[in-house]
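One letter stands for each residue in the lines below.
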Amino acid sequence: MLYCCAAIMEAIHLAYVLVFLLPILLLRLRRRGPPPVKRPRTTTAHCPHPSPVLGNTLHFIRNRRRFFDWYADMLRAAPSGAIEAWGPLGAGHAVTTASPADVDHLLRASFDKYAKGALFRDATADLIGDGLFAADGRLWSLQRKLASHAFSSRSLRRFTDGVLDVHLRRRFLPLLDAAARDGGAVDLQDALRRFGFRTICHVAFGVEGLDDDARRQDALFAAFDAAVEISFRRALTPATFVRRLTKLLDVGKSRRLREAVHAIDDYAMSVVESKVARRRNSLDDGAADLLSRFMAAMDDGGGSDSELGAMFPTPAAKLRFLRDVVVTFVLAGKDTTSSALTWFFWLLAANPRCERRAHEEAASCCGDGGDVKGMHYLHAAITEAMRLYPPVPFNGRVAVRDDVLPSGAALRAGWYANYSAYAMGRMEKLWGKDCLEFVPERWLGEGGEFVPVDAARFPVFHAGPRVCLGKEMAYVQMKTVAAAVLRRFRLDVVAPVANMEAPPAYEMTATMKMKGGLLVRLCSRED
């Protein structure tokens, strides 16, 4: 029965490939004029499973549910640590690497040779528009400069002393206390996502997310999940005739995306309009949140940030851009830290020795909002969790012009240039024979202090000019939450089973969420 279902699914996917392949073939046959001159291939990148016509499409379909592991397997087998793949008729050519030298080249040494590119912008335009994640050139640099003020040392102190402590005490810990009293299982991943959503909304927009209407929250989260999943899959594959047709006809995933984005737009515009009203009534004077800074830049005040406002000349364009800002930073904060903490707690459950050490360190710090700066083991354990399960497992850019990576892999202008942080965390040549084990001590020096490694070897927070602005804030949030939970509760994982030999499945989306959530029972340590 299982074999029959698998065969049917395979036939369906093959039919899908042929449907969008046939129009392309017909168009190419009708094209007049001399055939294009083929440039010689000089790449040394490993190219597994290619088909002369379909490229790697069929293998992509077969491994679509274990995409990150599939790429990790291929990158481990590649002599240079880089592989080349492409879609039907050579479309969507990509070189993906797990070499630190290549990552350094892509993100730092040759930063100007690569961009997010039109293909990524097209795939994500409905969701994030002109937001920071999809922007290039001057639009990107102006946004980055403006956003950097929201992650200054002063903002970090305000976040720790105010926002984080308030949301931890007011909502998150009381929720877990109630679950511990009831004795039932709670989805810790879901609780962490809601906590992350509220904190990023407070920091970035000066609001507390949504009210306590669970149905509205569920609908908004479902909309974000659907939009991110569809946009991410589109970013991995070239635009096809089928995609354009479904958008024109408003069917299939194009319709799902439109409906999801509509729900997201409603929320984002409500945040923007509320902020506009507060500014109009002088209720938001001197606000230091990120959205207030972007709104000031949209004003025609002739200040240093007016260049950004000039890029959006009409009131409607300015509002649309502010909507993009809201969506971008919700995506930045909602699922990244919650993903890292979800895997962290599962890994602790699967490694009781590490859980005991983390609890001992957390218990030595007084108070739920206490100083976490000196918690080196906790810092190491969270970092080790992100090595194995990076919140953003796969990332990349597009070559602006022809280039050759240090590994010898050649890229043509317009090709994708990707790196897999997930695969890099599983490379024996980078982390040793115990690379698949959870060993926080690998991050500690002889005196027990945390010892970081170069970002090109551990690109979880990206590297170079596009390095994550919120890295320090993310660590503070993760350590504070982890310490508070470990100090108050013992966690009994209900599902998925806490066993390193049987790791949980992940969702195939831009952030590495645990499929099905993390169901735990909580027992108060005071009992």
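Just above, that's the structure.
Residues numbered from 1 in each chain as written. Predicted model: local features only at pLDDT ≥ 70, side-chain atom pairs only at ≥ 80, totals over all residues. Heavy atoms only, no water.

**Let's talk about unusual backbone geometry**
Peptide bonds are, in most cases, trans, and in most cases residues other than glycine have a negative phi. Looking along the chain, the bond that leaves Ala-495 and enters Pro-496 is cis, with omega of -5 degrees. Along the polypeptide, Pro-496 turns up in the loop between strand S9 (489-495) and strand S10 (519-524). Phi at Asp-250 is positive, roughly 55 degrees, even though this residue is not glycine. Tracing the sequence through the fold places Asp-250 in the loop between helix H10 (241-249) and helix H11 (252-280). For Asp-250, a relative accessible area of 24% puts it in the partly exposed group. In this structure, His-462 takes a positive phi of about 65 degrees despite not being glycine. Within the secondary structure layout, His-462 lies in the loop between helix H19 (428-431) and helix H20 (471-488). (Helix = DSSP H or I, 4+ residues; strand = E, 2+ residues; numbered from the N terminus. Buried < 20%, exposed > 50% of the residue type's maximum accessible area, 1.4 Å probe, protein only.)

**A closer look at the pairing of strand S5 (residues 394-399)**
Across the six residues that make up S5, a large majority, six, are buried. With two bridges joining them, strand S3 (residues 114-115) and S5 adopt antiparallel strand pairing. Its bridge partner being in S5, Ala-115 is matched across the sheet by Val-398. Relative to strand S8 (residues 416-420), S5 runs antiparallel, the two being bridged by five bridges. Of the residues in S8, the one forming a bridge with Asn-395 is Tyr-419. (Pairing = 2+ DSSP bridges.)

**Brief notes about the sheet that holds strand S4 (residues 186-187)**
Pairing between the strands of a sheet comes from backbone hydrogen bonds, and it takes one of two forms, parallel or antiparallel. The three strands lie next to each other as S4-S10-S9, forming an open sheet whose pairing is antiparallel. Of all strands in the sheet, those with a lone pairing partner are S4 and S9, marking the two edges. Sheet strands in contact with H20 are S9 and S10, and its direction is about 95 degrees off that of S9. (Contact = heavy atoms within 4.5 Å. Axes fitted to C-alpha atoms, helices over the stretch in contact; angles between N-to-C directions.)

**Comments concerning the nonpolar core**
Counting residues in hydrophobic clusters, the biggest one holds 102 residues, and the most contacted among them are Phe-68, Phe-172, Phe-344, Phe-345, Leu-378 and Met-386. By residue number, the principal contributor to this core is H20, which donates eleven residues. By size, the runner-up hydrophobic cluster in this structure holds 49 residues, among which are Ile-128, Ala-134, Leu-142 and Met-295. (Core = buried A, V, L, I, M, F, W, Y, C linked by side-chain atoms within 4.5 Å.)

**Topic: the pattern of salt bridges**
One side chain can pair with another of opposite charge once the charged atoms of both are near each other. Under the criterion given, the structure shown has 35 salt bridges. Glu-229 serves as the salt-bridge partner of Arg-233, at 3.5 Å between the closest nitrogen and oxygen. Pair noted here: Arg-233 and Glu-229 are both in helix H9 (residues 214-236), with a separation of four residues, about one helical turn. Note that Arg-442 and Glu-384 form a salt bridge whose closest N and O atoms lie 2.9 Å from each other. Here Glu-384 lies in helix H17 (residues 376-388) and Arg-442 lies in the loop between H19 and H20, a separation of 58 residues in the sequence. Each of Arg-193, Asp-225, Lys-334, Asp-335, Glu-507 and Lys-513 takes part in salt bridges that share partners, so that together they form one network. (Salt bridge = Lys/Arg side-chain N within 4 Å of Asp/Glu carboxyl O.)

**Considering the packing of aromatic side chains**
Applying the stated criterion across every chain, the model contains 24 aromatic pairs. Relative to Tyr-267, the ring of Phe-197 has its centre 5.7 Å away and its plane inclined at 50 degrees; by these criteria the two rings are tilted. Of this pair, Phe-197 sits in helix H8 (residues 188-205) while Tyr-267 sits in helix H11, and the two are 70 residues apart along the sequence. Comparing Phe-197 with Tyr-267 shows no difference in burial state: the two are buried. Considering the side-chain rings of Phe-344 and Phe-345, the 5.1 Å spacing of their centres and the 65 degrees angle between planes classify their relative orientation as edge-to-face. Across this residue pair, the class does not change: Phe-344 and Phe-345 are buried. Linked through ring pairs, Phe-60, Phe-67, Phe-68, Trp-70, Tyr-71, Phe-232, Phe-394, Tyr-422 and Tyr-506 together constitute an aromatic cluster. The ring of Phe-120 carries Lys-116 above its face, with NZ or CZ at 4.7 Å from the centroid. The lysine or arginine in question, Arg-426, covers the ring of Tyr-422, its NZ or CZ lying 4.0 Å from the ring centre. (Phe/Tyr/Trp six-rings, centres within 6.5 Å; stacked < 30°, edge-to-face > 60°. Lys NZ or Arg CZ within 6 Å of the ring centre and 35° of its normal.)

**Quick notes on the packing of H11 against helix H14 (residues 315-334)**
Closest axis-to-axis distance for the H11/H14 pair is 9 Å, and the angle between their directions is 105 degrees. Taken as axis vectors, H11 and H14 run roughly perpendicular relative to one another. Residue-level inspection shows Val-261, Ile-264, Asp-265, Ala-268, Met-269, Val-271 and Val-272 of H11 in contact with H14, the latter providing Leu-319, Arg-320, Leu-322, Arg-323, Val-326 and Val-327. Of the residues in the contact of H11 with H14, the class split is ten nonpolar, no polar and three charged. (Parallel < 35°, antiparallel > 145°, perpendicular 65-115°, else oblique. Nonpolar A, V, L, I, M, F, W, Y, C, P; charged D, E, K, R; others polar.)

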